[in-house]
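Examination of the molecular architecture
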Amino acid sequence: MPHNDHASSPTSGPIAADGKFPIDLTGPGSHVLVRERGVGRLVIGPAALGKKADLHVEPHERIDWTVFDNFCTPAGSDWPRFLDYTGADTGFFEWARRRRIETMTWTAVLPGATTVDASQARIGRLIIRLGQAGEPLRIRLPARELESYFLLNLMGDLARITVEGDVPQTLMLTPGTGKTAHRSPYRLPDVGALRQVESLMLQNDPLAQPISLECLADFPNLKSLALHGAFQGLGQLAALTGLQGLALRFMPDLEGLPSLDAFPALDSIIAYNVGEAAGKRLRQQIKARAAVRAWGGHASVTQLRKPEWWEREYGRPFAAWPARLAKIANTAYDDALAGLSQARDLALAQAVFTAFTERFNTLKGIETPERDDLGTAVLLLSRTPAATALGVTEEQAQRWFDERRDY
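Analysis parameters
- Residues numbered from 1 in each chain as written.
- Predicted model: local features only at pLDDT ≥ 70, side-chain atom pairs only at ≥ 80, totals over all residues.
- Heavy atoms only, no water.
- Axes fitted to C-alpha atoms, helices over the stretch in contact; angles between N-to-C directions.
- Helix = DSSP H or I, 4+ residues; strand = E, 2+ residues; numbered from the N terminus.
- Parallel < 35°, antiparallel > 145°, perpendicular 65-115°, else oblique.
- Left-handed = near helix turned anticlockwise from the far one by under 90°.
- Contact = heavy atoms within 4.5 Å.
- Nonpolar A, V, L, I, M, F, W, Y, C, P; charged D, E, K, R; others polar.
- Salt bridge = Lys/Arg side-chain N within 4 Å of Asp/Glu carboxyl O.
- Buried < 20%, exposed > 50% of the residue type's maximum accessible area, 1.4 Å probe, protein only.
- Pairing = 2+ DSSP bridges.
- Expected span 1.5 Å × (residues − 1).
- Arc of directions from axis to C-beta.
- Phe/Tyr/Trp six-rings, centres within 6.5 Å; stacked < 30°, edge-to-face > 60°.
- Lys NZ or Arg CZ within 6 Å of the ring centre and 35° of its normal.

Running from N to C, helix 4 (residues 323-342) and helix 6 (residues 368-382) point in directions that differ by 25 degrees, and their axes come no closer than 11 Å. Comparing their axes, helix 6 and helix 4 come out roughly parallel. Where helix 4 crosses over helix 6, the handedness of that crossing is right-handed. Within the contact between the two elements, helix 4 uses Tyr 333, Ala 336, Leu 337 and Leu 340 and helix 6 uses Ala 377, Leu 380 and Leu 381. Split by residue class, the contact of helix 4 with helix 6 holds seven nonpolar, no polar and no charged.

Two numbers describe how helix 5 (residues 346-358) lies on helix 8 (residues 394-404): the axes approach to 9 Å, and their chain directions differ by 45 degrees. Comparing the axis directions of helix 5 and helix 8 gives the class oblique. Crossing angle aside, the handedness with which helix 5 passes helix 8 is right-handed. Between helix 5, through Leu 346, Ala 349, Gln 350, Phe 353, Thr 354, Thr 357 and Glu 358, and helix 8, the contact on the second element is made entirely by Gln 396, Ala 397, Trp 400, Phe 401 and Arg 404. Across the contact of helix 5 with helix 8, the residue classes tally to six nonpolar, four polar and two charged.

A word on the pattern of salt bridges. One pass over the full model with this rule turns up 20 salt bridges. Among the salt bridges present, the one from Arg 37 reaches Asp 18, with a minimum N-O distance of 3.7 Å. Of this pair, Arg 37 sits in the loop between strand 2 (31-35) and strand 3 (41-45) while Asp 18 sits in the segment before strand 1 (19-23), and the two are 19 residues apart along the sequence. The salt bridge partner of Asp 84 is Arg 41, with a shortest N-O separation of 3.0 Å. Taken together, the positions of Asp 84 in strand 5 (residues 82-87) and Arg 41 in strand 3 put the pair 43 residues apart, joining distant regions of the chain. Among the residues examined, Asp 84 registers a relative accessible area of 9% and is labelled buried. Since its relative accessible area comes to 46%, Arg 41 is described here as partly exposed.

This part covers the pairing of strand 12 (residues 170-175). For strand 12, the buried fraction is high: six of the six residues fall into the buried class. Of the two faces of strand 12, the one lined by Thr 170, Met 172 and Thr 174 and the one lined by Leu 171, Leu 173 and Pro 175 are each fully buried. Sheet analysis places strand 10 (residues 151-156) next to strand 12, joined by six bridges and oriented parallel. In the strand pairing of strand 12, Leu 154 is matched with Leu 173. In terms of strand pairing, strand 12 meets strand 13 (residues 199-203) through three bridges, oriented parallel. Opposite Met 172, over in strand 13, you have Met 201 as the bridge partner.

Let us now look at helix 2 (residues 276-292). For helix 2, built from 17 residues, the straight-helix expectation of 24 Å at 1.5 Å per residue is met to within 8% by its first-to-last C-alpha distance of 25 Å. Taken together, the buried positions of helix 2 are occupied by Ala 278, Gly 279, Leu 282, Ile 286 and Arg 289. For helix 2, the buried positions fall inside an angular range of 95 degrees around the axis, keeping them on one side. Those residues of helix 2 that are exposed and aimed more than 90 degrees away from the buried face are Gln 284, Lys 287 and Ala 291. Residues of helix 2 that are buried sit in contact with strand 17 (245-251), strand 18 (268-275) and strand 19 (299-305).

Another point: the packing of aromatic side chains. In total, this model carries 22 aromatic pairs according to the counting rule given. Between Trp 65 and Tyr 85 the ring centres are 5.3 Å apart and the planes differ by 85 degrees, which places this aromatic pair in the edge-to-face class. You can see Trp 65 sitting in the loop between strand 4 (55-56) and strand 5 and its partner Tyr 85 sitting in strand 5, a full 20 residues away along the chain. Each member of the pair, Trp 65 as well as Tyr 85, is classed as buried. Both rings, one in Phe 250 and one in Tyr 314, keep their centres 6.2 Å apart while their planes meet at 75 degrees; by these two values the pair is edge-to-face. Of this pair, Phe 250 sits in strand 17 while Tyr 314 is found in helix 3 (residues 307-314), placing the two residues 64 residues apart along the sequence. With a relative accessible area of 17%, Phe 250 lands in the buried category. Positioned above the aromatic ring of Trp 79 is the side chain of Arg 35, whose terminal nitrogen or guanidinium carbon lies 4.4 Å from the ring centre. The ring of Trp 309 has Arg 305 lying over it, and the distance from NZ or CZ to the ring centre is 4.0 Å.

This is the structure:
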């Protein structure tokens, strides 16, 4: 970022004040850090992130992490509390040996196969994002005695990462699944030593490609399991007889979920935003279990959802778009649905897909992620009953999309 004449020069003592501070992040006077009251998060990433990043640093650039040594919160704790970095520099692990990071989110952009020793890093929560294509990462995790509680969250292409060292108290896995549920279930790759964890959280979108739960057989020590989103094979949970805590969130399909009688040690269960019919059955089971043995922890089923709610909230790929663009996209999608319901032949159906595609040709802000989302929308439209009744195939719809788009 350009130097600001009104920036304050850092002092050698603790800096708790708000304001603008010149820092030597990648070289002498390379950046100006802007601190705002009550903001404990700092985002560092390439210029392509735009305003989403507080400090622009390209992935290949080396960072002097010690420039943050003197910054603290008004209460005197280390600042930033939450650090989000996109790039290849792994120096923050060395920096964290002497200066704790509460939550570190690293979107790894690796120039080659990378090995990291984080065994002495003091990090409370480590989140690593790996894209679907790139070089492998091998990391030795922080030693257990450094933190009273350590959570590891691995996101994206889980096959690219190998983990060594002490296992975390809690492991969260957020694999990069497909955006639609019409694909075969995603199968978790071998996670090595992480299979020994006692607390596992699996994250997915509610209407995405489901994650196969056959992987649960690889986790023999589970005492706590939290599932979020779409999964296949809930019957696999029956083998987890030592389970003490179970959480089911944003799950439209609970088909195959074993009766609570299958979990003799279960002491806590939370079901939140789940399918209506299955949720009602689960409520009855919770009540029946309470009559025999009181729940030691929380036991509840809330926010039961009908099928149309899931389609309305998650059935379209525009949820992550800026509000202005999402409104335009949803209106276009509604118009396409209406057009398909009125079409009487394949030619009219093609005209509907063409109109939907061309609507975005002159719209600013349509980059690669938005283009992919629009391709997903076309795929979903091709699968509607109205489209299939007219003989529209997924391949045809995709061809019409590719032929008419300028993005």
